[in-house]
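Structural characterization, general
Spelled out, the chains give:
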Amino acid sequence: TWCGPCVKEIPHFKEKMEQMKGQPVKFTFVNLDNKTDWGTLVSPFVDEHGIRNQTILLDGSLLDENFFSSNFKTWKGEFIPFTILRKGDKVQEVNGSISKEELENQIQAFQ
């Protein structure tokens, strides 16, 4: 099943991607579903939302608790959505849903 809040956020990210086209910014969606679901669930989803070229597939069944603690300050993999913004050494993590306004504010804080 798909994360309802994640689906609601995708249009906000796509709008920002279009607004920031040509700027030195990269948007990447990371999917943590098990590899067995990539063809039947993930592929149709990313195509439907037009984010295939921005999506990385990571087999969630291969991850352990060390993956999260080694790569994130606050996220332990216990929920989605999760947003991370990074510019140089500056990192901001947003646990849970992010509104259009909060996304805009977070991005502006990095410019």
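The sections below set out a description of the structure shown in this document.

**Quick notes on the overall build of the chain**
For the chain, the count of helices and strands is four helices and four strands. Walking the chain from its N terminus toward its C terminus, one meets helices and strands in the order α-β-α-β-α-β-β-α. The C-alpha radius of gyration computed for the chain amounts to 14 Å, which stays within 12% of the reference 13 Å derived for 111 residues, consistent with globular compactness. Along the first, second and third principal axes, the C-alpha set of the chain runs to 40 × 30 × 25 Å. Every one of the 111 residues in the chain was classed for burial, and the buried ones make up 31%. Taking the intrachain contacts of the chain between residues at least 6 apart in sequence as the baseline, contacts between residues at least 24 apart amount to 51%. Of the roughly 7400 Å² of accessible surface on the chain, 52% is carried by carbon and sulfur atoms. Here the chain contributes 13 positive and 16 negative side-chain charges, whose respective centroids are spaced 7 Å apart.

**Quick word on the packing of aromatic side chains**
Overall, the coordinates contain nine aromatic pairs when judged by the stated rule. With a centroid separation of 5.3 Å and 80 degrees between ring planes, the pair formed by Phe72 and Phe82 is classed as edge-to-face. A residue pair is termed long-range when its members are at least 10 positions apart, and Phe72 in the loop between helix 3 (65–71) and strand 3 (82–87) and Phe82 in strand 3 qualify at 10 residues. With respect to class, Phe72 is no different from Phe82; both count as buried. Ring geometry for Trp75 and Phe82: centres 4.5 Å apart, planes at 10 degrees, overall stacked. On the accessibility criterion, Trp75 (6% relative accessible area) is buried. In this structure Phe82 comes out as buried when scored by relative accessible area, which is 18%. Members of the aromatic cluster, each reached through a chain of ring pairs, are Phe67, Phe68, Phe72, Trp75 and Phe82. One cation-aromatic arrangement involves Lys90 over Phe110; the distance from NZ or CZ to the ring centre is 4.6 Å.

Conventions used here
- Residues numbered from 1 in each chain as written.
- Predicted model: local features only at pLDDT ≥ 70, side-chain atom pairs only at ≥ 80, totals over all residues.
- Heavy atoms only, no water.
- Helix = DSSP H or I, 4+ residues; strand = E, 2+ residues; numbered from the N terminus.
- Rg over C-alpha atoms; globule rule 2.2 N^0.38 Å.
- Buried < 20%, exposed > 50% of the residue type's maximum accessible area, 1.4 Å probe, protein only.
- Contact = heavy atoms within 4.5 Å.
- Areas by Shrake-Rupley, 256 points an atom, 1.4 Å probe, with all protein chains shown as cover.
- Lys, Arg positive; Asp, Glu negative; His and termini not counted.
- Charge placed at Lys NZ, Arg CZ, Asp CG, Glu CD.
- Phe/Tyr/Trp six-rings, centres within 6.5 Å; stacked < 30°, edge-to-face > 60°.
- Lys NZ or Arg CZ within 6 Å of the ring centre and 35° of its normal.

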